[in-house]
Amino acid sequence: MNTSAKSVRFDDDSMWVDLSDGRVIAVPLAWFPRLLNATVQQRQQVELSPSGLHWEELDEDISVAGLLGSV
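Reading the values: rules and limits
The numbers attached to residues start from 1 for each chain and follow its sequence in the written order. Owing to the predicted nature of the model, reporting of local features is limited to residues with pLDDT of at least 70; listing and counting of side-chain atom pairs is limited to 80 or more, with chain, interface and lining totals taken over all residues. Neither water nor hydrogens contribute to the side-chain values; these are computed over all heavy atoms in the structure. Only protein chains enter the area calculation, which uses a 1.4 Å probe; residues under 20% of their type maximum are buried, those over 50% are exposed, and those in between are partly exposed. Secondary structure counts use DSSP, requiring at least four H or I residues in a row for a helix and at least two E residues in a row for a strand, with both numbered from the N terminus. Strand pairing requires that DSSP identify at least two bridges connecting the strands. Side-chain rings of Phe, Tyr and Trp (the six-membered ring for Trp) are treated as a pair once their centres are within 6.5 Å; stacked means planes under 30 degrees apart, edge-to-face means over 60, and tilted covers the remaining angles. Charge-over-ring contacts are defined here by two conditions on Lys NZ or Arg CZ: a distance within 6 Å of the ring centre and an angle within 35 degrees of the ring normal. Angles here are taken between N-to-C directions and fall from 0 to 180 degrees, while the axes themselves are lines fitted to C-alpha atoms, restricted in helices to the stretch in contact. By convention in these notes, a salt bridge is any Lys or Arg side-chain nitrogen within 4 Å of a carboxyl oxygen on Asp or Glu.

## Observations regarding the pairing of strand 6 (residues 60–63)
Alright, step 1. Alternating positions in strand 6 separate cleanly, E60 and I62 being buried on one face and D61 and S63 remaining unburied on the opposite face.
Alright, step 2. Connecting strand 5 (residues 52–55) to the next strand, strand 6, in antiparallel fashion are four residues, including D59 with a positive phi near 55°.

Structure, rendered in structure tokens:
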């Protein structure tokens, strides 16, 4: 079974991703300068796909596999 992102939320310092297998991972926004420098509205415009997260306006793509490999 491939794990996918079910939802994404942010606090001042981190991105929190809820995964389809029940795990929740948090990563520092400092790892993703485009997200760190984005507005709240820009961050909320995330598109979830089976393979990861995409922000069209920010030209940012983050794979779930990449996130799991970094925690």
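## Quick word on the packing of aromatic side chains
Alright, step 1. Tallied over the full model, the rule gives one aromatic pair.
Alright, step 2. When the ring centre of F10 is taken as origin, the NZ or CZ atom of R43, which lies over that ring, is 5.5 Å away.

## Remarks on the sheet that holds strand 3 (residues 24–28)
Strands belonging to one sheet form pairs held by backbone hydrogen bonds; the direction of such a pair is parallel or antiparallel.
Alright, step 1. Read across the open sheet, the three strands follow the order 1-2-3; overall the sheet is antiparallel. The outermost strands of the open sheet, each flanked by one partner alone, are strand 1 (5–10) and strand 3. Ignoring which end each strand starts from, the neighbouring axes of this sheet average 20° apart.
Alright, step 2. Two elements, strand 1 and strand 2 (residues 14–19), share five bridges in a ladder whose sense is antiparallel.

## Structural notes on the sheet that holds strand 4 (residues 47–48)
Alright, step 1. With respect to topology, three strands assemble into an open sheet ordered 4-5-6, the strand pairing being antiparallel. Strands with a single pairing partner mark the edges of an open sheet, and in this sheet they are strand 4 and strand 6.
Alright, step 2. Of the strand pairs in this sheet, strand 5 and strand 6 are connected by four bridges, and their pairing is antiparallel. Within strand 6, the residue paired with G52 across the bridge is S63.

## Observations concerning the pairing of strand 3
Alright, step 1. Burial of strand 3 is one-sided: the residues I25 and V27 facing one way are buried, the residues V24, A26 and P28 facing the other way are not.
Alright, step 2. Two strands pair when backbone bridges link them, and strand 2 and strand 3 are joined in this way by five bridges, in the antiparallel orientation. Within strand 3, the residue paired with D18 across the bridge is V24.
Alright, step 3. Linking strand 2 to strand 3, which pair antiparallel, is a turn of four residues; within it G22 sits at a positive phi near 95°.

## Some points on the pattern of salt bridges
Any two side chains of opposite charge can pair, on the condition that their charged atoms come close.
Alright, step 1. Tallied over the full model, the rule gives two salt bridges.
Alright, step 2. For D18, the salt bridge is made with R9, and the minimal N-O distance between the two is 2.8 Å.
Alright, step 3. The class of D18 is buried, set by a relative accessible area of 18%.
Alright, step 4. Accessibility expressed as a relative area gives 39% for R9, which makes it partly exposed.

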